[in-house]
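Understanding the architecture of this molecule
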Amino acid sequence: MSMVNKAGYAKEFDFADLPVAEAMQRSLAEVFAAQSKRWTSHWSADTYWRTVLDFARFLSELDSPPEDLGDLTPAMLKRWRTVNIGSSTGRNMLSLVRTLLQRDPRLASGPVAEELARRVPAPKPSGKSYSEAEREQVLLAAQRQFRSAWMRIRENTVLLERWQAGDLAEGSREWRIGQILDHLWRTGDVPRTVFSDGERYARNRRLLGGGSSPHTWGRLFLTRQELTSLAVLLTDRFAWNMSVYDRIPAPTAMPSAGETSSVTYKVTVEKRRAGNGRWFSTENITDSGADSPGRLITQALEATAAGRTLAARLAPGTDLLMVARSFFPDRADGNLDRPRPVGPLVFGISGYDARQFGLRMGGGSPFERSRRTTVTREGRPMQHTQGTHDGVYVLPNEHVQRASRAVIQAGAQEAVEQAQAVVFGGQLTQEPDPDHGQTATVDCADEATSPWPSPGEGCGADFLDCLGCRNARVHPGHHPRLAYLHHQLESLRSALDDRAWQRWWRDHMLRLEDLRKAVGPAAWKSALKRATTDDHTIVRLLVKGDLAP
């Protein structure tokens, strides 16, 4: 049978190769095909296929192998359970086989169904985070490699732009290099001479300073190793999974309300394991200075600019952030779940790339441990639920346990109480104060003492977060807009699934509910009727995420 992944590539699975009777082969193929309707990747299919192979081998080695699924007995399944229950890998196999077998109607009731229904213990989270010293070592290696590449590409990009603008003296050394850079920018490689044996030799080696990648195509493009270092830095900052880098689009700059010293990027993150319909989430990340989270996004955009431009030219519509130039363009990754190469360009981070980075550090892939380190450092869910955050990332973490044995229970209770106490944090006033700053939602009494300080200067809070700030001041002139915002968030309840609404809008809604009680239901209802066209426009921009501080 064939399984087609989300990208449209098919993969074949031949059940005739299984060492079981023909009837059993057909039945296993049928339940496999039924389950495959839920899959979007070859990875899922391969995982189930390997489990089916192991199960088939197990059956074939029994004294009296069953002819079909209907011939399975509780004793056979008990023996299968005994063989596998002792390891994490085995318990995973038990769960997968149970999922498949329960799709066969012959196993829907009776003793076999009861055996299949037995609970399989969930695997214990085993991943480790980095110690602070280990994290610093990984970051230092990644920073050295990516920063060197970013500076190299930035320097050559400036020279290319000067050549394209006609600012260089024709025939000068810089002009000649600019001409080669223009060829590189358009084609993905420097001019080369092709010999009879197929060998390609870079021209102008003396002018370029050599024939290696940093002197030739690396002047405008990242290598796969440099792209991996960038991904390591991004994971340390934002806790993104390695798989995110295969599909993350280039971030876009959002409209800013009069801000000129910073830029806010809208980043779309795809996490397919969250399930169909919940794959995508967006994050607003601001570059307001050298130490701000968004500065790395700015540098990533600069380092990948030539690659993204060439990819869009060769394959219109391609707009992936994580792009590198391959040393061997003719060698394609066999993993068809990952983006296909475009000309000499490759996208995302492969398992091989991650392992190679780890080998240089004396370990394995850094991404899982780095993600765990960031999540526990930030102390909040990052692209996962609160339950996953607590049960998978925080509580099993040996560094967290060591640091917080005496206070973990009190701290957890305090976190629960704080989460439940989401209220309007500011004050109601009767009239505006000319000394207060105006925002899209409230007036600000003191931007300098914000609970969300900007790395540069002033306040870095989102306009909706202003409702939770102690410096917020709300006078009757704000009531119509806030009442309309309350009305719009209420409308979103029916338009979004509960998980998305709880994640993005719950806290803002609770603060508005608290504010509504303070103003009074009658006054609030009256204010809603006075909302102007400008109020409606600003609220729509706030809800869409298109209005950033």
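We now turn to the structure provided with this report. Because the structure is a prediction, the values reported are computed rather than measured.

This model, assessed by the stated rule, comprises 23 salt bridges. Ionic pairing is found between Arg135 and Glu132, a salt bridge with its closest N-O pair at 3.2 Å. Placement of both Arg135 and Glu132 in helix α6 (residues 132-164) is noted, with a separation of three residues, approximately one turn of the helix. Of the charged contacts in the structure, one is a salt bridge between Arg372 and Glu368, with a shortest N-O distance of 3.5 Å. On the criterion of helical spacing, the pair formed by Arg372 and Glu368 is a turn pair, its members being four residues apart in helix α13 (residues 367-378). Here the residues in one salt-bridge network are Glu132, Arg135, Glu136 and Asp236, joined through shared partners.

Here we come to the side chain of Glu283. Here Glu283 shows up in strand β7 (residues 280-287). Buried charge without a partner: Glu283 forms no salt bridge, and the closest opposite charge is Arg503, 5.2 Å away. A polar atom in the side chain of Glu283 sits 3.3 Å from the side chain of Trp240.

As a further point, take the packing of helix α17 (residues 479-495) against helix α21 (residues 533-544). α21 packs onto α17 with a crossing angle of 45 degrees between their chain directions and a minimal axis gap of 9 Å. Between α17 and α21, the angle falls in the class oblique. Seen from above, α17 lies across α21 with right-handed handedness. Across the interface between the two elements, Pro480, Arg481, Tyr484, Leu485, Gln488, Leu489 and Leu492 from α17 touch Asp535, His536, Ile538, Val539, Arg540 and Val543 from α21. Its residues assigned to classes, the contact of α17 with α21 comprises eight nonpolar, two polar and three charged.

By the alternation rule, side chains of β7 split into Ser281, Glu283, Ile285 and Asp287, which are all buried, and Phe280, Thr282, Asn284 and Thr286, of which none is buried. In this structure, strand β6 (residues 263-270) lies alongside β7, joined through eight bridges in antiparallel fashion. Paired with Val263 across the bridge in β7 is Asp287.

Right, let's talk about the nonpolar core for a bit. Soluble globular proteins tend to bury their nonpolar side chains together. Phe146, Leu230, Leu234, Trp240, Tyr245, Ile297 and Met322 are the most contacted members of the largest nonpolar core, which has 38 residues in total. Counting residues per element, the ones that place at least two in this core are α6, α9 (224-238), β6, α10 (294-303) and α12 (351-360). Apart from the residues within four sequence positions on either side, Phe146 is in contact with Leu222, Glu226, Ser229, Leu230, Leu233, Leu296, Gln299, Ala300 and Ala303. Of all hydrophobic cores here, the second largest spans 36 residues; its members include Met24, Leu59, Met93 and Val97.

What follows is about the packing of aromatic side chains. The tally for this structure, following the rule as stated, stands at 16 aromatic pairs. When the ring of Phe32 is compared with that of Trp39, the centres are 5.1 Å apart and the planes differ by 75 degrees; the resulting orientation is edge-to-face. You can call Phe32 buried: its relative accessible area is 0%. Assessed through its relative accessible area of 9%, Trp39 is described here as buried. Here the aromatic cluster, defined as three or more aromatic residues joined through ring pairs, consists of Phe13, Phe15, Phe32, Trp39, Tyr48 and Trp49. Stacked on the ring of Tyr201, the Lys or Arg Arg205 has its end atom at 3.8 Å from the ring centre. The ring of Trp501 carries Arg493 above its face, with NZ or CZ at 3.9 Å from the centroid.

Moving on to the sheet that holds strand β13 (residues 472-474). Strand order in the open sheet formed by four strands is β10-β13-β12-β11, and the pairing between neighbours is mixed. The outermost strands of the open sheet, each flanked by one partner alone, are β10 (427-428) and β11 (437-438).

Another aspect to go through is helix α19 (residues 506-519). Here α19 is 14 residues long and its end C-alpha atoms lie 20 Å apart, about the 20 Å a rise of 1.5 Å per residue gives. Within the span of α19, buried status applies to His508, Met509, Arg511, Leu512, Leu515 and Val519. Angularly, the buried residues of α19 cover 160 degrees about the axis, an arc narrow enough to put them on a single face. Positive backbone phi, at 110 degrees, marks Gly520, one or two positions downstream of α19.

About the criteria used
Chains are numbered independently. Their residues run from 1 in the order of the written sequence. Thresholds applied to this predicted model are a pLDDT of at least 70 for local features of residues and 80 or more for the giving and counting of side-chain atom pairs; totals over whole chains, interfaces and linings are not thresholded and use all residues. Hydrogens and water are ignored here; the side-chain numbers use all heavy atoms of the structure. The term salt bridge refers to a pairing of a side-chain nitrogen on Lys or Arg with a carboxyl oxygen on Asp or Glu at a separation within 4 Å. Starting at the N terminus, helices and strands are each numbered in turn, a helix being any DSSP run of H or I of at least four residues and a strand any DSSP run of E of at least two. Only protein chains enter the accessibility calculation, which uses a 1.4 Å probe; a residue is then buried when its area is under 20% of its type maximum, exposed when over 50%, and partly exposed in between. In this tally, Asp and Glu contribute negative charge and Lys and Arg positive charge; neither His nor the terminal groups of the chain are included. Under the rule applied, a polar contact is a pair of N or O atoms within 3.5 Å (in protein, one hydrogen donor and one hydrogen acceptor; residues adjacent in sequence only if both atoms are side-chain atoms). Only the stretch in contact is used when fitting a helix axis, every axis being a line fitted to C-alpha atoms; angles between N-to-C directions are given from 0 to 180 degrees. Any angle that is under 35 degrees is reported as roughly parallel, and any over 145 degrees as roughly antiparallel; angles of 65 to 115 degrees are reported as roughly perpendicular and all others as oblique. In a left-handed crossing the near helix is turned counterclockwise from the far helix by less than a right angle, and in a right-handed crossing that turn is clockwise. Residue contacts are defined here by distance: any two heavy atoms, one from each residue, within 4.5 Å place the two residues in contact. Note on residue classes: Ala, Val, Leu, Ile, Met, Phe, Trp, Tyr, Cys and Pro are nonpolar, Asp, Glu, Lys and Arg are charged, and everything else, Gly too, is polar. Here, strands pair whenever DSSP counts at least two bridges between them. Throughout, nonpolar core names a set of buried Ala, Val, Leu, Ile, Met, Phe, Trp, Tyr and Cys residues whose side chains join them through atoms within 4.5 Å. Stacked, tilted and edge-to-face pairs are distinguished by plane angle, under 30 degrees for stacked and over 60 for edge-to-face with tilted covering the rest, among Phe, Tyr and Trp rings (Trp via its six-membered ring) whose centres lie within 6.5 Å. We count a charge as sitting over a ring when the NZ of a lysine or the CZ of an arginine lies within 6 Å of the ring centre and within 35 degrees of the ring normal. The span you would expect from a helix comes to 1.5 Å times its residue count less one. The arc in question is the one traced by the directions running from the helix axis out to the C-beta atoms.

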